[in-house]
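Residues per chain are reported as follows:
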Amino acid sequence: MISLLKKLIPRKVKLLLYSIFINDSLNQGERIYWVGDDYPPKGTTAAAHWVLYNLVLPYIKPNYRVLDVGCGSGFGSYIVAKKASKVVAFDHSLKAIRYCQRYNYAPNIEFILSSVDNFHTKEKFDLILMIEFLEHNRKPKKILAKMFTLLKDKGKIIVTFPRLPEGTPLVRGWHLYEFTDSRVKEVFSNYNYEVKGLKNLSNIEPHSVKQNNIFCDVKEASNFFYHRQKINIKTIK
């Protein structure tokens with residue numbers, strides 16, 4: 001009887017029950033639990049991340065193999081998998097990976113339990129995503145260098161992170177490396193990225209993503225959207 005009820009309950013209802021009885025909220029320590037099919041409540045961190053993952057879709061071709069670094073609960077991987085041929089997604093949280101497999105499963109997604117330091121694969125990727133991930137790590141330069149070794153020739157890497165004012169402490173809350181403009185230059189200078197500014201993502205309406213009505217002048221940005229193709233990249237030592 002219990003197994004039958006589980007099959008009859010819609011996935012969105014399961015998510016809400018999970019949030020109420022297990023998570024207490026959609027966002028625990030910035031680990032966001034949501035499903036890729038649904039737009040999260042406006043004004044939440046989940047909504048901001050939903051926007052970012054939908055923003056990368058124009059960069060994906062149907063034959064692409066994509067790596068989602070620090071996938072969290074996997075709702076972004078699920079969004080990307082609708083367009084990509086294959087998505088490999090990893091996170092160091094066992095709870096998050098179990099959630100991925102239960103609520104954001106798709107046949108072309110491989111969810112892996114691993115930290116970024118311990119992640120190893122012989123596979124090469126057309127696109128590597130680090131969506132709101134780098135700020136949670138103490139050594140972003142080291143991570144960038146490692147990710148470039150996993151790109152195919154002419155592969156592309158996309159990185160997003162919050163932009164903070166000068167004077168912000170390096171470590172704050174759950175963030176281990178807050179990005180101010182000067183720290184951005186320090187981390188990315190050798191990579192010659194193309195950068196776009198993003199508006200306050202939590203207040204963006206879903207239709208604005210398709211209209212690309214969320215980019216703004218870099219000086220007015222609340223978040224940065226960096227992307228770079230693997231051509232003439234200087235190695236950071």
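Residues numbered from 1 in each chain as written. Predicted model: local features only at pLDDT ≥ 70, side-chain atom pairs only at ≥ 80, totals over all residues. Heavy atoms only, no water.

Enquirer: I tried to follow the overall build of the protein chain on my own but got confused; where do I start?
Expert: Secondary structure summary: the protein chain contains eight helices and 10 strands in total. Buried residues in the protein chain amount to 50% of all 237 residues. Long-range pairs, those at least 24 residues apart, make up 65% of the contacts in the protein chain between residues at least 6 apart in sequence. (Helix = DSSP H or I, 4+ residues; strand = E, 2+ residues; numbered from the N terminus. Buried < 20%, exposed > 50% of the residue type's maximum accessible area, 1.4 Å probe, protein only. Contact = heavy atoms within 4.5 Å.)

Enquirer: Looking at this model, I keep getting lost on the sheet that holds strand β8 (residues 194-198). Mind explaining?
Expert: Sheet strands line up and pair through hydrogen bonds in the backbone, either parallel or antiparallel. An order of β5-β4-β3-β6-β7-β10-β8-β9 is seen for the eight strands of this open sheet, with the pairing classed as mixed. Each end of this open sheet is capped by a strand with a single partner; those strands are β5 (109-113) and β9 (215-216). As paired elements, strand β3 (residues 65-69) and strand β6 (residues 125-131) share three bridges and run parallel to each other. Paired with L67 across the two strands is I128, which belongs to β6. (Pairing = 2+ DSSP bridges.)

Enquirer: Looking at this structure, how should I read the pattern of salt bridges?
Expert: A side chain with one charge can pair with a side chain of the opposite charge if their charged atoms come near. Per the stated rule, a full pass over the model turns up six salt bridges. R65 is the partner of E123 in a salt bridge, and the nearest nitrogen-oxygen pair spans 2.6 Å. Placement of E123 in the loop between β5 and β6 and of R65 in strand β3 is noted, with a sequence separation of 58 residues between them. Since its relative accessible area comes to 27%, R65 is described here as partly exposed. Two residues, K86 and E123, come together in a salt bridge whose shortest N-O distance is 3.8 Å. With K86 in strand β4 (residues 86-91) and E123 in the loop between β5 and β6, the pair connects residues that are 37 residues apart, well separated along the chain. When salt bridges with common partners are traced through the structure, they connect R65, K86, E110 and E123 into a single cluster. (Salt bridge = Lys/Arg side-chain N within 4 Å of Asp/Glu carboxyl O.)

Enquirer: Sorry, what's going on with the confidence of the model for the protein chain here?
Expert: Reading predicted coordinates in detail is not appropriate for stretches of low pLDDT. In the predicted model, the protein chain carries a mean pLDDT of 80, and the fraction of residues at 70 or more is 78%. Below a pLDDT of 50 lies the segment residues 16-29, which in the model reaches 23 contacts outside its immediate sequence neighbourhood of four places, other chains included. For the stretch residues 232-237, pLDDT sits under 50, and the model shows 10 contacts to residues farther than four places along the chain or on other chains. (pLDDT = per-residue confidence, 0-100.)

Enquirer: When you look at helix α3 (residues 45-55) in this model, what are you seeing that I'm missing?
Expert: Residue pairs three or four apart in sequence face the same way in an α-helix, which turns once every 3.6 residues. Of all 11 residues in α3, 10 are buried, a share of seventy percent or more. Along α3, the positions that sit buried rather than exposed are A46, A47, A48, H49, W50, V51, L52, Y53, N54 and L55.

Enquirer: Sorry, what's going on with the nonpolar core here?
Expert: Generally speaking, soluble globular proteins have nonpolar side chains that are buried together. Counting 35 residues, the largest nonpolar core has V56, I60, V66, V80, V87 and L129 as the members making the most contacts within it. Every element with two or more residues in this core is listed here: α3, α4 (75-81), β4, α5 (94-103), β5 and β6. Among the elements that take part in this core, α3 stands out by supplying six residues, more than any other. Here V80 is in contact with Y53, V56, L57, I60, V66, V87 and L129, once residues within four sequence places are set aside. Of all hydrophobic cores here, the second largest spans 30 residues; its members include V88, I143, V187 and F224. (Core = buried A, V, L, I, M, F, W, Y, C linked by side-chain atoms within 4.5 Å.)

Enquirer: What is the right way to look at the pairing of strand β7 (residues 151-162) in this model?
Expert: Each regular strand displays side chains that alternate between the two surfaces of the sheet. As paired elements, β6 and β7 share six bridges and run parallel to each other. Paired with M130 across the strands is V159, a residue of β7. The β-α-β motif built from β6, the intervening helix α6 (residues 140-148) and the parallel element β7 has right-handed crossover chirality. With seven bridges joining them, β7 and strand β10 (residues 223-229) adopt antiparallel strand pairing. (Right-handed = clockwise from strand over helix to strand, strands pointing away.)

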